[in-house]
Amino acid sequence: MKSVELIARGSYGKLLAFLAAWSGDVASSEDALAEAFEKALAHWPREGVPENPDAWLIRAAKNRLADRFRHLKVVVNSEIEIELRESERRERLTEEAWPDERLKLLFVCTHPAIDAAMHTPLMLQTVLGLDAKTIASSFLVSPASMAKRLVRAKAKIKAARIPFEVPSSEKLASRLDSVLEAIYAAYGASWDLFRGEEASSRDSLSDESLYLSETLSQLLPNEPEALGLHALILFCQARQRSRRTFVGAYIPLEKQDPSFWDQRMIQRAEGMLHAAAALKRLGRFQLEAAIQSAHVARIRNGTDNWASVVQLYDAVVSLSPSAGAQLARVSAILEAFGAATAETQLARLESEQEGTLRSFQPYWAVKGEIQARSGLLAEAKQSLRTAVGLSIDPGLRSYLLDKIAQLS
Amino acid sequence: MSKQYVILNYENLEVSKRRDDPKLAEAYWGAWMAYVEAINEAGIVRGGEGLDYPSTATTVTLKNGKQVVQDGPFADTKEQLAGFFIIEVPNLDVALEWAARNPASANGKVEVRPVLPKPTHDS
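### Some points on the pattern of salt bridges
All names here are of chain A.
Okay, so step 1: Per the stated rule, a full pass over the model turns up 25 salt bridges over all chains.
Okay, so step 2: Ionic pairing is found between Arg 284 and Glu 181, a salt bridge with its closest N-O pair at 2.8 Å. Residue Arg 284 is found in helix α13 (residues 284-301), and its partner Glu 181 is found in helix α9 (residues 169-192); the two are separated by 103 residues along the sequence.
Okay, so step 3: For Glu 181, a relative accessible area of 36% corresponds to the partly exposed category.
Okay, so step 4: With a shortest N-O distance of 3.4 Å, Glu 223 and Arg 281 are connected by a salt bridge. Within this pair, whereas Glu 223 is found in the loop between α10 (199-219) and α11 (224-238), its partner Arg 281 is found in the loop between α12 (263-278) and α13, the two being separated by 58 residues in sequence.

This is the structure we're talking about:
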């Protein structure tokens, strides 16, 4: 039945967040909510969709949870009875009786007590309702072990009583970072992986990350980095259709056709970035969004602004010196100041973290590009071949192979 | 502690035939050789080979006490075993990363299997 699915898609995170915040138990809340949706599938087609479907689902799920708690005798019975009667009364009173607890759930999923590698998967499952199999594919992990890790993380939330609350203002900045990182990682996973026949699941993951960043920017309108992240994802999403040809071949940034861009999304992104800047607290995601804005301006107007892109990357790297950001900076230096300067910068990076770079595809792609522009064709070919060997994306692989062929 | 895994690349026969197609051979081998070089460079390879066409295979079974020898591979599937690597890596996640980089993952299937530990007879 269509309406149940639509409601599930729109409300899942909100309903689960509410139940989990109420019970402190994510896993049981998930089970109870799943049962409530099943019940809805059985009842609604016969009896019609209730006037307030969310409230109906919450009540059904709460009853299931209460049954479970009564059975386990873990919570004082009378407390639950009062709460249940209370929620029924509230539900009759008003449509919007359910506070949005998704923000609290996001902070729970990215709590420092939980393995950082599980922040994003946990968030995707609880807030967005994605199944373990889809999440596992996005992160190149076996579905069985992803499911196990999710169960373990949820058990930890319950056992350690990780609080369902928005951190106090002095802790908010550092805790918010983890939330932003997790959403950005979800978006990154949707980009990094090319899944030929499953392209739709990639699209859905990028849509979901966009939706999460939008939600977060609405829930925290005074946090510039939340707005910055939303602007960044909007910029990237707006250019999505210009990144590939119809047959999936890779198109590099400078060759992208602006007429394929989503102009409304770009406008929204620029607006978001302005709003963030007005709050006068610069951060990594605002800088990354500003870089995207610079790319858009350059390709649209044909003005060379690589020097300012380098400046923005300098700031990004000083805030968060990831290998990806460092290499993007070197790449911008190559465009702005030429191969010799880029070579020096790359050599410095190599001496700092040689071990991690060796299996990092972007490193070999950037190195090959610098060597090619320095006229070191044989070396360039060898680096680009290593980049091909480390590529997961067949479109990128054939793009690099073509480039190698052109060097001959 | 490292663990050994076998990466089995199953290739679509149409894709395997590119090996001998003058127009497509370069791209085909380019992708494979780059992968082989990268995985060797990582220092994790303990063995591996590419295999000739499935049509060159011969399958032997013992049926009711009688030997049966058949031309061709044992399974008539669209994707056929085209090669394998034995790698030694810390865990399955790392093995899956190399499986994803395997060119056959884009136009066939790549299977990752732990190598059976050698039986011990110390007691």
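Picking up after the structure, the text goes on.
### Quick look at the interface of chain B and chain A
Okay, so step 1: Each partner contributes residues to the interface: chain B has 20 residues there, and chain A has 18 residues.
Okay, so step 2: Linking chain B to chain A there are three salt bridges.
Okay, so step 3: Between Arg 358 of chain A and Glu 41 of chain B there is a salt bridge, with its nearest N and O atoms 3.3 Å apart.
Okay, so step 4: Where chain B packs against chain A, one counts seven residue pairs in polar contact (both at pLDDT 80 or more).
Okay, so step 5: Broken down by element, the side of chain B that touches chain A gets its largest block of residues, 10 residues, from helix α2 (residues 25-41) of chain B.
Okay, so step 6: Classifying every residue of the side of chain B that touches chain A by side-chain character gives 12 nonpolar, two polar and six charged.

### Remarks on the confidence of the model for chain A
The predicted coordinates should not be examined in detail at positions where pLDDT is low.
Residues and elements named next belong to chain A.
Okay, so step 1: Across chain A, the average pLDDT comes to 87, with 88% of residues at 70 or higher.
Okay, so step 2: In the model of chain A, helix α4 (residues 77-93) stands out as the element of lowest mean pLDDT, 58, in contrast to α12, which has the highest, 97.
Okay, so step 3: Predicted confidence is poor over residues 194-198, with pLDDT under 50, and the contacts of this stretch with residues over four places away or in other chains come to nine contacts.

### Topic: the packing of aromatic side chains
All names here are of chain A.
Okay, so step 1: Enumeration according to the criterion identifies eight aromatic pairs over all chains in this entry.
Okay, so step 2: Taken together, a centroid distance of 5.2 Å and an interplanar angle of 70° make the contact between Trp 44 and Trp 56 edge-to-face. Here Trp 44 is found in helix α2 (residues 26-47), whereas its partner Trp 56 is found in helix α3 (residues 53-72), with 12 residues between them in sequence.
Okay, so step 3: We classify Trp 44 as buried; its relative accessible area is 2%.
Okay, so step 4: Both rings, one in Tyr 363 and one in Trp 364, keep their centres 4.9 Å apart while their planes meet at 70°; by these two values the pair is edge-to-face.
Okay, so step 5: With relative accessibility at 13%, the residue Trp 364 sits in the buried group.

### Describing the sheet that holds strand β1 (residues 3-12) of chain B
Residues and elements named next belong to chain B.
Okay, so step 1: Taken in spatial order, the four strands line up as β2-β5-β1-β6 in an open sheet, and their pairing is antiparallel. Every other strand in the sheet has two partners, leaving β2 (45-50) and β6 (108-114) as the edge strands with one partner each. Neighbouring strand axes in the sheet, compared pairwise and without regard to direction, differ in orientation by 15° on average.
Okay, so step 2: Taken together, the five bridges between β2 and strand β5 (residues 79-89) define a ladder with antiparallel strand orientation. The residue of β5 that forms the bridge with Gly 50 is Gly 83.
Okay, so step 3: Of the strands in this sheet, β1, β2 and β5 are in contact with α2, which crosses β5 at around 20°.

### Focus on unusual backbone geometry
Outside of glycine, negative phi angles account for most residues, and trans bonds account for most peptide bonds.
Residues and elements named next belong to chain A.
Okay, so step 1: Despite not being glycine, Leu 140 shows a phi value in the positive range, around 55°.
Okay, so step 2: Here Leu 140 lies in the loop between α7 (132-138) and α8 (143-159).
Okay, so step 3: A residue is classified by how much of its surface remains accessible, and Leu 140, at 23% relative accessible area, is partly exposed.
Okay, so step 4: The phi torsion at Arg 161 lies on the positive side, around 50°, for a residue other than glycine.
Okay, so step 5: Its location among the elements puts Arg 161 in the loop between α8 and α9.

### Looking at the packing of helix α5 (residues 102-109) of chain A against helix α6 (residues 119-126) of chain A
The relative placement of two packed helices comes down to the angle between their axes together with the axis-to-axis distance.
Residue and element names in this part refer to chain A.
Okay, so step 1: Relative to each other, α5 and α6 sit at 150°, their axes nearing to 9 Å. Relative to α6, the element α5 lies roughly antiparallel. In this structure, α5 crosses over α6, and the sense of that crossing is right-handed. Judged by residue contacts, Leu 105, Leu 106 and Cys 109 of α5 engage His 119, Leu 122, Met 123 and Thr 126 from α6.
Okay, so step 2: Partitioned by chemical class, the residues of the contact of α5 with α6 number five nonpolar, two polar and no charged.

### A look at the pairing of β5 of chain B
Okay, so step 1: With 10 bridges connecting them, β1 of chain B and β5 of chain B associate as antiparallel partners. Each residue of the ladder has a partner; that of Glu 11 of chain B, found in β5 of chain B, is Gln 80 of chain B.

The rules behind each value
- Residues numbered from 1 in each chain as written.
- Chains lettered and ligands numbered in written order.
- Predicted model: local features only at pLDDT ≥ 70, side-chain atom pairs only at ≥ 80, totals over all residues.
- Heavy atoms only, no water.
- Salt bridge = Lys/Arg side-chain N within 4 Å of Asp/Glu carboxyl O.
- Helix = DSSP H or I, 4+ residues; strand = E, 2+ residues; numbered from the N terminus.
- Buried < 20%, exposed > 50% of the residue type's maximum accessible area, 1.4 Å probe, protein only.
- Contact = heavy atoms within 4.5 Å.
- Polar contact = N/O pair within 3.5 Å; in protein donor to acceptor, adjacent residues only side chain to side chain.
- Nonpolar A, V, L, I, M, F, W, Y, C, P; charged D, E, K, R; others polar.
- pLDDT = per-residue confidence, 0-100.
- Phe/Tyr/Trp six-rings, centres within 6.5 Å; stacked < 30°, edge-to-face > 60°.
- Pairing = 2+ DSSP bridges.
- Axes fitted to C-alpha atoms, helices over the stretch in contact; angles between N-to-C directions.
- Parallel < 35°, antiparallel > 145°, perpendicular 65-115°, else oblique.
- Left-handed = near helix turned anticlockwise from the far one by under 90°.

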